[in-house]
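# Observations on chain architecture
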Amino acid sequence: MHNFFYTRANSIEEAIDGIRVDSAAKYVAGGTNLIDLLKYNIERADVLVDVNHVEVFPDAEQMADGCLRLSAFMTNADTAYHPLVEKKYPLLSEAILAGASAQIRNMATNGGNLLQRTRCYYFYDPAMPCNKREPGSGCPALNGYNRMMAILGTSSECIAVFPSDMCVALAALGAVVEVEGPSGQRHIPFSEFHRLPGRTPHLDNNLEAGEIITAICLPPEGFSRNYAYLKLRDRNSYAFALVSVALALEMDGECIREARIALGGVAHKPWRVPDAEDFLQGREATPGNFAAAADLILQGAQAFEHNGFKIELAKKAIVRAGKMALHPETHLPGAQPPSFENL
Amino acid sequence: METINPEIRLSAPEHIAPSTVTFTVNRIQTSVQVLPWVSLLDALRDALDLTGVKKGCDHGQCGACTVLCDGKRILSCLTLAVMKSGSEITTIEGVAESDQLHPLQQAFIDHDAFQCGYCTPGQICSAIGMMQEGKARTRAEVKELMSGNLCRCGANTNIIDAIMAVKDGGTNA
Ligand SMILES: Cc1cc2nc3c(=O)[nH]c(=O)nc-3n(C[C@H](O)[C@H](O)[C@H](O)COP(=O)(O)OP(=O)(O)OC[C@H]3O[C@@H](n4cnc5c(N)ncnc54)[C@H](O)[C@@H]3O)c2cc1C
Ligand code: FES
Ligand code: FES
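Only a predicted model underlies this, so the values are computations on that prediction, with no experimental measurement involved.

## Side note on the site of ligand 1
Residue and element names in this part refer to chain A. Ligand 1 sits among 34 residues. The nearest are Tyr27, Gly31, Thr32, Thr109 and Asp165. Threonine 32 places a polar side-chain atom, nitrogen or oxygen, 2.6 Å from an oxygen atom of ligand 1. Out of a free accessible area of 980 Å², ligand 1 has 95% covered by protein chains. Here the shell around ligand 1 is composed, by residue class, of 16 nonpolar, 14 polar and four charged.

Below, the structure written as structure tokens:
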């Protein structure tokens, strides 16, 4: 780890000022991603501006328009276990609790979760080229070991995956990210927050220099009756997703009034296909219909040498998540795949 | 208590001075001089000689460095000592009441819940944190909520047995 100065910000204004005076300054929240990357000399900073002491009250606020506003500085654990989140947005609770470990969730913040970097092995290896780390240096994952990599929305310059679980649920729920910066406040719809790699894989998201995430707003509809987060991985806990699915339904008898499906582990951002959600609208919640929606979602998926299995895995995961959404009592700790033998 | 690992001090350029971090460690108010990039883990082990806190991976992947910070279990390798100024830290050295082992320490002995013992301090601090969180009811939930602590010796089954024997007064064991 290289050397840097440390300073504490007690307010949003102080935090923004701390970054403004030094372009090589970075915010540090839980530190669970940034400090790891600093140790590997993958991220660099001259100054760390600690945002853990920024005064926010309350952590979670029920707004007049029905939205729930979650502080960016609240921990992932406090968010997942917050009574309002558990009750109105259990999909978000389950997705958060499927990620990392209890210790990491006690440290990690909501803002930091959105900004965590990819887990691509080549990004993590400074001895290798990586367009995300060093623009223009190349992408060894394209023809290398690419089992964890993306199958949707890739470019010839980067096939990395965005690893967050929480963000898959936030995408499905249609959250809005509140940010503040040198040029004021703005609200970014979740689908526009993260970017596809394209020709600029070094940019993960549309945050501008010096901007700080202040909150995440959840829309009034929480899909608390029929929802599921399913996470498939090499071991059943404390591992990143190969494929994950956040699925939420609003039912009208046997028929689906509204469906939301977001995939994790398959692209540079949580993946949603509005056409597939529209297809389900008004149809019965049957495995066949979920399978048809899955085909629409995976349309255009492109596999690389080692990750072809993800296409079929994602399709099956969507069908299973559909069943799980109809039977929330089947959900297991850590969003592990339940068996449906007894249904 | 105030000695600093000379290696940590040597790597400092002139213009970044160590700062004084004052926190409560195992119920005792303590001050250490550390440079900004020193992890809480290194400060506890090298500056305060609390070598019960273990460095496994140093990257958040194993849980060996778990300590309690203001009552919550955290990874001391992924936080900086300067970030914890003002906090209350408990390491494995501070969980017993004078000569009386913490019930989990006794349960780990009774259930043969370790072999080499390297993961044990982190396992016990993590289990204390887990019990305080109060979210684990069933054995399956305990397993899931303890998954952040790896045991290379594979003592996991006995570790969960030990925790179940203590949690809720052992009513679920
Ligand atoms: C071993 C391990 C396993 C993990 N497994 C999973 C997993 O399975 N699923 C999963 O989803 N995640 C997983 N994670 C990642 C973890 O969720 C993230 O590291 C965490 O959410 C990041 O939050 P933080 O507050 O610690 O961010 P930091 O590390 O403090 O910061 C991350 C980035 O965000 C910036 N930042 C932080 N807060 C703000 C803000 N408010 N405004 C603007 N910028 C900000 C920082 O400058 C930095 O660039 C894992 C991490 C580890 C170490
Ligand atoms: S040493 Fe901290 S998690 Fe491994
Ligand atoms: S007892 Fe050896 S690592 Fe757990």
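Past the structure itself, the notes keep going.
## Overview of the sheet that holds strand β2 (residues 25–28) of chain A
Two orientations exist for strands paired in a sheet by backbone hydrogen bonds: parallel and antiparallel. All names here are of chain A. Taken together, the three strands give an open sheet; going across it, the order is β1-β3-β2, and neighbouring strands pair in parallel fashion. The open sheet has two free edges, formed respectively by β1 (5–8) and β2, since each of these has just one partner strand. The sheet shows a mean angle of 25° between the axes of neighbouring strands, direction not considered. Examined bridge by bridge, β1 and strand β3 (residues 47–50) share four bridges and lie parallel to one another. When the sheet's bridge partners are listed, tyrosine 6 is paired in β3 with leucine 48.

## So, the interface of chain B and chain A
Interface size is commonly expressed as the accessible surface area that is lost when the partners come together. With 37 residues of chain B in contact, the opposing surface of chain A contributes 38 residues. Interface area for chain B against chain A, summed over the two sides, is near 2900 Å², with a carbon-plus-sulfur share of 58%. Counting the surface chain B buries against chain A, the share from its top three residues, Leu78, Met83 and Glu144 of chain B, is 24%. The salt bridge partner of aspartate 58 of chain B is lysine 39 of chain A, with a shortest N-O separation of 2.8 Å. Our count for the contact surface shared by chain B and chain A stands at 16 residue pairs in polar contact (both at pLDDT 80 or more). Within the residue set of the side of chain B that touches chain A, elements represented by two or more residues are β4 (72–75), α4 (120–133) and α5 (139–145) of chain B.

## Points about the packing of helix α10 (residues 287–297) of chain A against helix α11 (residues 309–326) of chain A
Residue and element names in this part refer to chain A. Interaxial distance between α10 and α11 falls to 8 Å at its minimum, and their mutual angle equals 140°. Taken together, the axes of α10 and α11 lie oblique to each other. Of the two possible hands of crossing, α10 and α11 adopt the one that is right-handed. Note on element contacts: α11 touches α10 through Lys315, Ile318, Val319, Gly322 and Lys323, opposite Pro287, Phe290, Ala291, Ala294, Asp295 and Ile297. A breakdown of the residues in the contact of α10 with α11 according to their chemical character gives seven nonpolar, one polar and three charged.

## Focus: a nonpolar patch on the surface
Residue and element names in this part refer to chain B. Taken together, the side chains of Leu101, Ile109 and Phe114 make up a nonpolar region of the molecular surface, amounting to roughly 240 Å² of accessible area. Within the secondary structure layout, isoleucine 109 lies in helix α3 (residues 103–110). Its relative accessible area of 48% is what places isoleucine 109 among the partly exposed residues.

## Notes on the sheet that holds strand β4 (residues 60–62) of chain A
All names here are of chain A. What the five strands build is an open sheet, ordered β4-β5-β8-β6-β7; its pairing is antiparallel. Either end of the sheet is taken by a strand with one partner, and the two such strands are β4 and β7 (184–189). Within the sheet, the average angular offset between the axes of one strand and its neighbour, ignoring direction, is 25°. Note: strand β5 (residues 68–71) against strand β8 (residues 212–218), four bridges, orientation antiparallel. When the bridges of β8 are listed, arginine 69 appears paired with cysteine 217.

## Observations regarding the domain arrangement of chain B
Residues and elements named next belong to chain B. With domains assigned, chain B is organised as domain 1 (2–94) and domain 2 (103–170). Taking the mean C-alpha position of each, domain 1 and domain 2 sit 24 Å from one another. Counting from both sides, the interface comprises 16 residues of domain 1 and, opposite them, 17 residues of domain 2. Counting each side, the surface lost to burial between domain 1 and domain 2 is near 1300 Å², with a carbon and sulfur contribution of 56%. Inspection of the region where domain 1 meets domain 2 yields one salt bridge.

## Points about the domain arrangement of chain A
Domain annotation for chain A reports domain 1 (1–55) and domain 2 (226–331). A separation of 36 Å is found between the C-alpha centroids of domain 1 of chain A and domain 2 of chain A.

## Here's the deal with helix α6 (residues 156–166) of chain B
Residue and element names in this part refer to chain B. Residues of α6 that are buried include every one of Ile159, Ile160, Ala162, Ile163, Met164 and Val166, and no others. On the buried face of α6, the contacting elements are α3, α4 and α5. One or two steps after α6, the chain reaches aspartate 168, where phi turns positive at roughly 50°.

## Description of the pattern of salt bridges
Residue and element names in this part refer to chain A. On inspection of all chains with the given rule, the structure shows 26 salt bridges over all chains. Measuring nitrogen to oxygen at the nearest pair gives 3.2 Å for the salt bridge that ties aspartate 295 to lysine 315. Of this pair, aspartate 295 sits in helix α10 while lysine 315 sits in helix α11, and the two are 20 residues apart along the sequence. With relative accessibility at 40%, the residue aspartate 295 sits in the partly exposed group. The network of salt bridges with shared partners includes Lys26, Glu43, Arg117, Lys132 and Asp204.

## A look at the nonpolar core
Leu91, Leu92, Leu114, Leu170 and Leu218 of chain A together with Ile163 of chain B are the most contacted members of the largest nonpolar core, which has 66 residues in total. Residue contributions to this core peak at eight residues, all from helix α8 (residues 166–173) of chain A. Dropping the residues within four chain positions of it, leucine 114 of chain A is found in contact with Phe162, Cys167, Leu170, Val177, Phe190, Phe193, His194, Ile213 and Ile216 of chain A.

Thresholds applied
- Residues numbered from 1 in each chain as written.
- Chains lettered and ligands numbered in written order.
- Predicted model: local features only at pLDDT ≥ 70, side-chain atom pairs only at ≥ 80, totals over all residues.
- Heavy atoms only, no water.
- Near = heavy atom within 4 Å.
- Polar contact = N/O pair within 3.5 Å; in protein donor to acceptor, adjacent residues only side chain to side chain.
- Areas by Shrake-Rupley, 256 points an atom, 1.4 Å probe, with all protein chains shown as cover.
- Nonpolar A, V, L, I, M, F, W, Y, C, P; charged D, E, K, R; others polar.
- Pairing = 2+ DSSP bridges.
- Helix = DSSP H or I, 4+ residues; strand = E, 2+ residues; numbered from the N terminus.
- Axes fitted to C-alpha atoms, helices over the stretch in contact; angles between N-to-C directions.
- Contact = heavy atoms within 4.5 Å.
- Buried area = accessible area lost by both parts, 1.4 Å probe.
- Salt bridge = Lys/Arg side-chain N within 4 Å of Asp/Glu carboxyl O.
- Parallel < 35°, antiparallel > 145°, perpendicular 65-115°, else oblique.
- Left-handed = near helix turned anticlockwise from the far one by under 90°.
- Patch = residues over 30% accessible without salt bridge, like charges linked within 9 Å, V, L, I, M, F, W, Y side chains within 5 Å.
- Buried < 20%, exposed > 50% of the residue type's maximum accessible area, 1.4 Å probe, protein only.
- Domains from an automatic or database assignment.
- Core = buried A, V, L, I, M, F, W, Y, C linked by side-chain atoms within 4.5 Å.

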